[in-house]
Amino acid sequence: MSLMPTMIELLARARVDLRMGLPVVLNGDGVAALAIASESLSSQRLSDLRNLGAVSLALTARRAETLKALVYDDDIARIALPDSADLNWVQALADPADDLNSPMKGPFHCLRDGDAGLHRLAIALVKSARLLPAALLVSVTDASAFAAEHGLTLINQSAALPLLDQSSPLHPVAAARLPVEAAEAGRLHIFRPEDGNEEHYAIEIGRPDRNAPVLVRLHSACFTGDVLGSLKCDCGPQLRGALAQMGTEGAGVLLYLNQEGRGIGLANKMRAYSLQDQGFDTVEANHRLGFEDDERDFRLGSEILRKLGFTQVRLLTNNPKKITMMEQTGIKVTERVPLQVGENDFNRGYLATKASKSGHML
Ligand SMILES: Nc1nc2c(ncn2[C@@H]2O[C@H](COP(=O)(O)OP(=O)(O)OP(=O)(O)O)[C@@H](O)[C@H]2O)c(=O)[nH]1
Ligand SMILES: [Zn+2]
C-alpha cells in the first residue's frame, strides 16, 4: 500500500498552491526550477525567489506579441527579470489591463539558450489553475530535496505533460428528476472528473432513444449570459432556446460544461471584457491576455454522452469545431441544427467576430 499522491493528485494540489501564491517545484530532464504564478505573487515571495538566483518570466507567445518581446521557443517567451523589476513590473507584463496607458514596457532581455520545457509546463499549470498565463521561474539544483525541505509540491515534467494534455475521465455522481420550464420530464446528471477540476452537468429531457440520434446542445458556462441575462453574448437565449426545442420535441440532452469564458475562467473573461471596453474584439482580447481564442476541451462532451449511452447526435450549434470534435471522439453527428437566437445591438459585433474569425456559421 502506498499513500503517496499520484501525479493527477499532485497536479490538483499544484493548481491550488499556485492560486494561493505558493511556488511549486518542477522537475525536468536534468533541470529543475521553482515556479510561481505572476497573478498571485507577493513582494515577499518575489524577493525570496531573487535570493535563489536569476529569475525569468514565462509568457505565452500571444502575450509576447503584444509586448513586442522576442519569442525563441514557438509558443513560449522567456524574459530575464531585470534587477530593477518589482512586483508592479511583473504584474504589468502579465496583465494587459494597463497596456494602453503604458505601451512601452521593453526593451526586454529575452532568453534563447537552454530548454523552455519547464517554462512551458509552468504556463500549462497556471492556465489550468485559471490564472493569467504568466509565471516566474528560478532554477534549483535538486528538485526532490528542495521540495521536501520547503514542503512544496513536486511536479515531474514527463509524468505531468501527458496528463495536462488529455481530458480527465468523468464519473457520474448523482442524478435526479428536475422538472424545468421547458419540460416537466427533466433529469439532471452530475459528472465529476478524476483530476479534481470542475464538475459538468447533463440535463436530459424526456427519455431519448439511445439507438437513434438525440438532439444535443453542448453549452459552455456563461455566468453573465446564462444567469444575469447579459446582452454582450447570445448564451442565455441559446441555453433557453435549446431547452425549449428539446421540450417541444419531447427529448434531448443539454450538456452544461463548466468552461466559463471559453475555458479561461470568469475572472479572465472579465479581464477580456475590460479590454473589449477599450475597443478590442473578443478574439483580440483573449490574445492580449495571452490566451488562444478558445481554450475549451470539448472532448468532455463526448465522454458524457457516451456515459449516458448515446453515440449519435443532432447537434444544436453554429460552431464547426464542436462538430469536428464530436466526430473525432467517436460521436456521430447526423445533422447540424442551427441555433441562431438572441442577436441584439450589444452583441452584433461579437457575433460578427465569431463568424469572421472563429468560423461560426451564420
Ligand atoms: N473569453 C471570452 N469568452 C466569452 C466571451 N463571450 C462569451 N464567452 C464565453 O463563450 C462561451 C460561449 O459558448 P457557446 O455558446 O457554447 O459556444 P460557441 O463557440 O459560440 O458555439 P455555438 O453557440 O454552439 O455556436 C461561454 O463559455 C461564454 O462564457 C468573450 O468575449 N470572451
Ligand atoms: Zn455568454
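All values reported here derive from a predicted model rather than from experimental measurement.

1. Considering the nonpolar core
Then step 1. Counting residues in each nonpolar core, the largest one holds 40 residues, and the members touching the most others are L57, I79, W89 and L136.
Then step 2. Ranked by residue count, the leading element in this core is helix α4 (residues 87–94), at five residues.
Then step 3. Apart from residues lying up to four places away in sequence, I79 is in contact with V55, S56, L57, L59, A69, W89, L93, F108, H109 and C110.
Then step 4. Within the second largest apolar cluster, 24 residues are counted, among which are L11, L26, A37 and L118.

2. A short note on the UniProt feature "binding site: Zn(2+)" (unreviewed entry) in the chain
Then step 1. Using the residue numbers shown here, the UniProt feature "binding site: Zn(2+)" (unreviewed entry) corresponds to C222, C233 and C235. As for the annotated residues named above, the ones lining the second largest pocket are C222, C233 and C235.
Then step 2. As for its position among the elements, C222 is in the loop between β10 (214–220) and α8 (223–227).
Then step 3. Within the secondary structure, C233 is located in the loop between α8 and α9 (235–249).
Then step 4. Among residues more than four places away in sequence, those in contact with C233 are C222, G225, N347 and Y350.

3. Let's talk about the coordination of the zinc ion (ligand 2)
Then step 1. The protein atoms that coordinate the zinc ion (ligand 2) are C222 (SG), C233 (SG) and C235 (SG), at distances of 2.1 to 2.2 Å.
Then step 2. Using a relative accessible area of 3% as the deciding quantity, one classes C222 as buried.

4. Here we look at the pairing of strand β1 (residues 24–27)
Then step 1. Inspection of the sheet shows β1 paired to strand β2 (residues 32–37) by four bridges, in the antiparallel sense. Bridging from a neighbouring strand, L26 pairs with A33 of β2.
Then step 2. For β1 and strand β6 (residues 154–156), the ladder comprises three bridges, and the chain directions are parallel. Within the sheet, the bridge partner assigned to L26 lies in β6 and is I155.

5. Examining the sheet that holds strand β3 (residues 55–60)
Then step 1. With mixed pairing, six strands are arranged side by side in an open sheet as β4-β3-β5-β2-β1-β6. Every other strand in the sheet has two partners, leaving β4 (76–80) and β6 as the edge strands with one partner each. Averaged over all pairs of adjacent strands, the angle between strand axes in this sheet comes to 30 degrees, irrespective of strand direction.
Then step 2. Contacts from helix α2 (residues 43–52) reach β2, β3 and β5 (134–139), with the element oriented near 35 degrees to β5.
Then step 3. Most of the contacts of helix α5 (residues 117–128) go to β5, to which it runs at about 140 degrees, and overall it touches β1, β2, β3, β4, β5 and β6.

6. A word on helix α12 (residues 282–289)
Then step 1. Within α12, seven of the eight residues are buried, leaving the element largely enclosed by the surrounding structure.
Then step 2. Within α12, burial applies to T282, V283, A285, N286, H287, R288 and L289.
Then step 3. The elements touched by buried residues of α12 are α3 (61–67), α4, α10 (260–263), α11 (266–277) and α15 (348–357).
Then step 4. Residue D281 occupies the N-cap position of α12, its side-chain oxygen lying 2.9 Å from the main-chain nitrogen of V283.
Then step 5. Remark: G290 follows α12 within two positions and exhibits a positive phi of approximately 100 degrees.

7. Focus on the layout of surface pockets
Then step 1. Space inside the largest pocket adds up to approximately 1,300 Å³.
Then step 2. Of all elements in the fold, only α1 (7–20), α3, α5, α7 (157–165) and α13 (299–308) reach the threshold of two or more residues within the lining of the largest pocket.
Then step 3. The element that contributes the greatest number of residues to the lining of the largest pocket is α1, accounting for six residues.
Then step 4. Tallied by class, residues from the lining of the largest pocket come to 17 nonpolar, 11 polar and 16 charged.
Then step 5. Formed jointly, the lining of the largest pocket draws a minimum of three residues from each of two domains, domain 1 (7–163) and domain 2 (170–259 + 296–358).
Then step 6. For the second largest pocket, the calculated volume is near 590 Å³.
Then step 7. Lining the second largest pocket we find 38 residues, and of these D234, C235, Q238, Y350 and K354 sit closest to its centre.
Then step 8. Broken down by secondary-structure element, the contributors of at least two residues to the lining of the second largest pocket are β10, α9, α10, α11, α12 and α15.
Then step 9. By residue number, the principal contributor to the lining of the second largest pocket is α15, which donates five residues.

Calculation rules
- All residue numbers refer to positions counted from 1 along the written sequence of the respective chain.
- For this description, chains carry letters from A and ligands carry numbers from 1, given in the order in which they are written.
- Local features in a predicted model are, by the rule used here, given only for residues with pLDDT of at least 70; side-chain atom pairs are given and counted only at 80 or more, and totals for whole chains, interfaces and linings are based on all residues.
- Side-chain numbers here rest on the full set of heavy atoms in the structure, without hydrogens or water.
- The term nonpolar core refers to a set of buried residues drawn from Ala, Val, Leu, Ile, Met, Phe, Trp, Tyr and Cys, joined through side-chain atoms within 4.5 Å.
- Note on classification: 1.4 Å probe, protein chains only; a residue is buried when its accessible area is under 20% of the maximum for its type, exposed when over 50%, partly exposed between these limits.
- Note on conventions: DSSP H or I runs of at least 4 residues are helices, E runs of at least 2 residues are strands, and numbering of each starts at the N terminus.
- Here, residues are in contact when the closest pair of their heavy atoms is within 4.5 Å.
- UniProt positions are given in the numbering used here, feature names are shortened, and annotations may be inferred rather than shown by experiment.
- Using a grid of 1 Å spacing that covers the protein atoms alone, one calls a set of points a cavity when a 1.4 Å probe fits there but cannot get out, and a pocket when the set is open and has protein on both sides within 12 Å along at least five of seven lines; lining residues are those with an atom within 4 Å of a point.
- Sites may look incomplete because water is not among the atoms; the donors themselves are N, O and S atoms within 2.8 Å of the metal, or within 3.2 Å for Na, K and Ca.
- By the convention used here, strands pair only if DSSP detects at least 2 bridges between them.
- Axis angles are defined between N-to-C directions and span 0 to 180 degrees, where every axis is a line fitted to C-alpha atoms and, for a helix, only to the segment in contact.
- Under this definition, polar contacts are N or O atom pairs within 3.5 Å; protein pairs additionally need one hydrogen-donor-capable and one acceptor-capable atom, and for neighbouring residues in sequence, both atoms have to be side-chain atoms.
- Grid points are joined across faces, edges and corners, and a volume is the space filled by probe spheres set on the points.
- Amino acid classes used here: Ala, Val, Leu, Ile, Met, Phe, Trp, Tyr, Cys and Pro are nonpolar; Asp, Glu, Lys and Arg are charged; the rest, including Gly, are polar.
- Each domain span listed reflects an automatic or database assignment of domains.

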